[in-house]
Amino acid sequence: MTSILSVALLGCAGRPKDVLLPVADTSPTSSKVEMLVATTRSRSSKPGEMFTGERGPAPAFADITVSIPPSNVRKVGEVAWPKKLPPNPATDFAVLKGEELTLEGAKVWLSASARKSPDHSVLVFIHGFNNRFEDSVFRFAQIANDAGTDSVPILVTWPSRGSTFAYGYDRESTNYTRNALETLFQYLARDPGVKEVSVLAHSMGNWLALESLRQMAIRNGGLPPKFKNIMLAAPDVDVDVFRSQIADMGKQHPKFTLFVSQDDRALAVSRRVWGDVARLGSIDPEQTPYKEELAANKITVIDLTKVKSGDKLNHGKFAESPEIVQLIGSRISDGQALTDSRVGFGDRIVAATAGAAAVAGTAAGLAIAAPVAMVDQNTRDNYANEVGALGVTTPRGRTGQRSPINNDCGAANVGTRSVCDR
């Protein structure tokens, strides 16, 4: 396990900090991604940081434009981090604009952007554990750009300290952000200019997304029809808690797309740490009872176990799958549901992943790439030693410990299991 982590940790070495200081647009061939940022992070006194990993007293907003180098410089699925400052927009991800907004300013930005979108749709992205502010900004910019979607990008970033040993703090920060995210969802539901909402969550962000949607459903007596697609990328969520959350959302919940990988090594560590309870993102969707119960709940599953990627932890495979990201983007831009079951659509997914993606459920499904949590340089050596000491392998799990996902569970079990959300 230590060798696994050592490979993954090398990617963070030498990365400059405070990369968000805006620079001039000197590369006309670079792409531009304009996003609205909603955050519960505390403001930073450093212009190149913008927001810290600490909790802010109230939600804050920002208008950020990221320049992305052309395709002859960067591979689709990659974030071209600057090797030095200031970044060069011709070769690096670079911020061209980074301005804080008031609440009213954020509403104006969203209204204007939704009017310009051909399908008046928005894509809300919620990052995972151990992400600094700049990690979430650059990764979401990459996803939005490579997918080619016309949806308005909204980044929800919660207070993560960007350290592997701050797991407890990060987990509580998702709970701290839960009400703020529900407020955003409620606003999007009421805004007549927004016609469709898609939500993409990765890792620990799944807990935040699911809890906020659950709150909204309980408060409103259901979720609004404009919430079309909820995409759960590598969710490290207790399956018992998940089934309770889905039940609380009601029978008319949005179409859920769940992407799993049984060789997700981050989730293998999580399972061991949290009492060997099955994690939603690493289930085998072809085995009983999962296959039948997922189908009964109309939850689409993409199994990426056999898909290879450069992510050595196998925790964010879609981040380096250009075919899938681009295919998803084209479908969203066409205004079609992400879990559209038209003939041939599932075949295209399988072809794009060399026949390795197995689809379970009642419809073919797709999902947008999600970021791999970055590891803090200051703690990487200790982290490798700690996880190595666990002696963790990559278990598929014991069949006898699987918990059903069905419509018969109520709300009583919510919060009764600890959830490790990476």
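Note on numbering: residues in each chain are counted from 1, in written sequence order. With pLDDT at 70 or above as the cut-off, local features in this predicted model cover only qualifying residues; side-chain atom pairs require 80 or more to be listed or tallied, and sums for whole chains, interfaces and linings still use all residues. Only hydrogens and water are set aside when side-chain values are computed; all heavy atoms of the structure are taken into account.

Moving on, we get to the overall build of the chain. Numbered from the N terminus, helices here are DSSP runs of H or I no shorter than four residues, and strands are runs of E no shorter than two. Looking only at helices and strands, the chain has eleven helices and ten strands in total. Think of it in three bands: with a 1.4 Å probe and only protein chains considered, a residue is buried below 20% of the maximum accessible area for its type, exposed above 50%, and partly exposed in between. In the chain, which comprises 422 residues, the share counted as buried stands at 61%. Relative to all contacts within the chain whose residues are 6 or more apart in sequence, the contacts with residues 24 or more apart total 81%. Just so you have it, the chain exposes about 16,400 Å², and 50% of that area is on carbon and sulfur atoms. Note on contacts: a residue pair is in contact if any heavy atoms of the two residues lie within 4.5 Å. Method for areas: the Shrake-Rupley scheme with a 1.4 Å probe, in which residue coverage is limited to the protein chains shown.

Attention shifts here to the side chain of K226. Relative to the elements of secondary structure, K226 occurs in the loop between α5 (205-220) and β7 (227-233). Counting rule for charge: Lys and Arg are taken as positive, Asp and Glu as negative, and neither His nor the chain ends is counted. By definition, a salt bridge exists where a carboxyl oxygen of Asp or Glu is found within 4 Å of a side-chain nitrogen of Lys or Arg. Notably, K226 is buried but unbridged: the nearest opposite-charge side chain belongs to D191, and the N-O separation is 6.2 Å. Two N or O atoms form a polar contact when they lie within 3.5 Å of each other; inside protein one atom must be a possible hydrogen donor and the other a possible acceptor, and for residues adjacent in sequence the pair counts only when both atoms belong to side chains. From its side chain, K226 meets the backbone oxygen of A189 in a polar contact 3.2 Å long. Among the polar contacts listed, one links the side chain of K226 to the backbone oxygen of D191, at a separation of 2.9 Å. Apart from residues lying up to four places away in sequence, K226 is in contact with L188, A189, D191, V194, K195, E196 and V197.

It is the contact of helix α4 (residues 167-190) with α5, at a shortest axis distance of 8 Å, that shows an interaxial angle of 50°. In terms of axis orientation, α4 runs oblique to α5. Note on packing geometry: the crossing formed by α4 with α5 is right-handed. Along its contact with α4, which presents R171, T174, N175, T177, R178, N179, L181, E182, F185, Q186 and A189, the element α5 presents W207, L208, A209, E211, S212, L213, Q215, M216, R219 and N220. Of the residues that constitute the contact of α4 with α5, the class distribution is eight nonpolar, eight polar and five charged. Between N-to-C directions, angles span 0 to 180 degrees; the directions come from axes that are lines fitted to C-alpha atoms, helices contributing only their stretch in contact. Each angle receives one of four descriptions, namely roughly parallel if under 35 degrees, roughly antiparallel if over 145, roughly perpendicular if within 65 to 115, and oblique otherwise. It is the rotation of the near helix from the far one that decides the hand of a crossing: anticlockwise by less than a right angle makes it left-handed, clockwise makes it right-handed. In this count, Pro and Cys sit with the nonpolar residues alongside Ala, Val, Leu, Ile, Met, Phe, Trp and Tyr, while Asp, Glu, Lys and Arg are called charged and the others, Gly among them, polar.

To continue, consider unusual backbone geometry. Residue P86 follows L85 across a cis peptide bond; omega there is -5°. Checked against the element boundaries, P86 lands in the loop between β2 (51-68) and β3 (94-101). Notably, S203 is not glycine yet its phi reads approximately 60°, a positive angle. Its location among the elements puts S203 in the loop between β6 (196-202) and α5.

Here we come to the side chain of R41. With respect to the helices, strands and loops of the structure, R41 is situated in strand β1 (residues 31-43). Of the polar contacts made by the side chain of R41, one reaches the side chain of T157; its length is 2.7 Å.

A word on the environment of R243. By secondary structure assignment, the location of R243 is in helix α6 (residues 239-249). Its relative accessible area of 15% is what places R243 among the buried residues. Sequence spacing of R243 and N297 is 54 residues, and the spatial spacing of their C-alpha atoms is 9.7 Å.

Our focus in this paragraph is the confidence of the model for the chain. Chain-level pLDDT for the chain is 75 on average; 64% of the residues reach the 70-or-more range. Every residue gets a pLDDT, meaning the predictor's confidence in that residue, from 0 to 100. Across residues 1-13, where pLDDT falls below 50, the model places 24 contacts with residues more than four positions away in sequence or in other chains. Between residues 335-422, whose pLDDT stays under 50, and residues either more than four places distant or in other chains, the model counts 252 contacts.

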